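Examining the three-dimensional arrangement
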Amino acid sequence: MPVLAVDTEFLREKTYYPKLCLVQVSTGEEIAAIDPLSIDDLSPLVRLFEDQKIVKVIHACSQDLEVLLYGMHCACAPVFDTQLAAAFLGMRQQASYASVVEHYMGVHLPKTESLTDWSRRPLDPEQLVYAEDDVRYLPDIYRCMYERLMKTNRLGWLMPEMNAYTAPENFKRDPKEAYLHLKRSNSLTRRQMALAREICAWREERAAQHNIPRKWIISDETLVEICKRSPATSERLKRIRGTESLSQESVASILAAIKVGRSIPPEECPVIEHHSRPAAGSEGVLELMYALVKIVSEKEGIAPQLIANKNDLADLLAQKKDSKLSCGWRHELVGKQLQGLLAGEVGLTVKCGHVELL
């Protein structure tokens, strides 16, 4: 299947939507840096990115896919993320592009233009070379990774995760779900989370309407405090630090959102998903379980964080039905052994300074 390496340069410090400034593509034989700021019709590029017969190779693709979705109205697919693939092939879970290039190509990339303002024109030759380097090596890295994944029978593990991770719906914003990304919300009750859902939805819509960052409207810290105090009047709302610059229109909108949040029936308030804390005395068991994961990780050459984190282990220990380790490739790779460990059928020992399975 044909391959097209893709990368983007964008700015988003002063806007709600990322501003697409440059698109780089490479076939492995040719490289192009495309200027969306000077080209009005990017539909040929959109057709290329949406062509199901061409694999788009991107490193750490989440931000690029979001930028393409909002900057070009393009649902880029199918996608192969070399950062995710690298974790299946022994590198750390969030390996940088530079480290992957050095590992697979033996090339050390400079970081001289990492803080460039890509919206300024003209771009000088050094900037263009730096931008082109972000796709220059990806086609060859993809082919090398694909071959290794086939040899190790891991392509069947990777692709379902890749497809789920890169699905376009992951990058579409629903204002009613904005509260899920609210920082410092873990101290809120369900009722307070109902308020947060309404206020965050208002903030999201307003930020999108004016194309400004959410925090320019109201910060997460202030928003959480508003939810805790649940003020009913503008006077009480204005007592909260961080609300001084709010317009009367914004104050009225927040109070209206609070009123809606208060009226939601208790059973319809958001359920706060927290991983249950390990039972007293189980910390040692979790440490033993993680030791087993690391043994398997080193043996199989897969990043341990990709296999399981402490919450995943706690879910398995609590026998949760939706535990990631109780099904799929994780179950086959390590879940069965972890269940054996918990049942006393598998043990660990130390040999020559290394922990091994008995």
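Look above for the structure.
Presented here is an overview of the structure given in this document. Remember, predicted model here, so these are calculated numbers, not experimental data.

With four bridges connecting them, strand S2 (residues 19-26) and strand S3 (residues 31-34) associate as antiparallel partners. Bridge pairing in S3 places Val 25 opposite Ala 32.

What follows deals with the sheet that holds strand S5 (residues 79-81). Within the open sheet, the five strands sit side by side as S3-S2-S1-S4-S5. Their pairing is mixed. Unpaired on one side and paired on the other, S3 and S5 mark the two borders of the sheet. Neighbour-to-neighbour, the strand axes of this sheet turn through a mean angle of 25°, independent of strand direction.

Here the focus is the packing of helix H8 (residues 190-210) against helix H10 (residues 220-229). Running from amino to carboxyl end, H8 crosses H10 at an angle of 135°, the nearest separation of the two axes being 9 Å. Taken as axis vectors, H8 and H10 run oblique relative to one another. Of the two possible hands of crossing, H8 and H10 adopt the one that is right-handed. Counting all contacts with H8, which are made through Gln 192, Leu 195, Ala 196, Ile 199, Cys 200 and Arg 203, the residues of H10 involved are Asp 220, Leu 223, Ile 226, Cys 227 and Lys 228. Residue classes in the contact of H8 with H10 are distributed as seven nonpolar, one polar and three charged.

Attention shifts here to the environment of Met 289. Here Met 289 lies in helix H13 (residues 283-300). Put simply, Met 289 and Met 150 are 139 residues apart on the chain and 29 Å apart in space, counted from C-alpha to C-alpha. Here Met 289 is in contact with Leu 313, Leu 316, Leu 317, Leu 338, Leu 341 and Leu 342, once residues within four sequence places are set aside.

Tallied over the entire structure, the rule returns seven aromatic pairs. With a centroid separation of 5.8 Å and 45° between ring planes, the pair formed by Tyr 142 and Tyr 146 is classed as tilted. Residue Tyr 142 and its partner Tyr 146 are both found in helix H6 (residues 138-151); the two are separated by four residues, about one turn of the helix. Among the aromatic residues, ring-to-ring pairing joins Tyr 16, Tyr 17 and Tyr 70 into one connected group. Here the guanidinium or amino end of Arg 173 rests over the ring plane of Tyr 16, the centre of that ring lying 4.5 Å away.

About the criteria used
Residues numbered from 1 in each chain as written. Predicted model: local features only at pLDDT ≥ 70, side-chain atom pairs only at ≥ 80, totals over all residues. Heavy atoms only, no water. Pairing = 2+ DSSP bridges. Helix = DSSP H or I, 4+ residues; strand = E, 2+ residues; numbered from the N terminus. Axes fitted to C-alpha atoms, helices over the stretch in contact; angles between N-to-C directions. Parallel < 35°, antiparallel > 145°, perpendicular 65-115°, else oblique. Left-handed = near helix turned anticlockwise from the far one by under 90°. Contact = heavy atoms within 4.5 Å. Nonpolar A, V, L, I, M, F, W, Y, C, P; charged D, E, K, R; others polar. Phe/Tyr/Trp six-rings, centres within 6.5 Å; stacked < 30°, edge-to-face > 60°. Lys NZ or Arg CZ within 6 Å of the ring centre and 35° of its normal.

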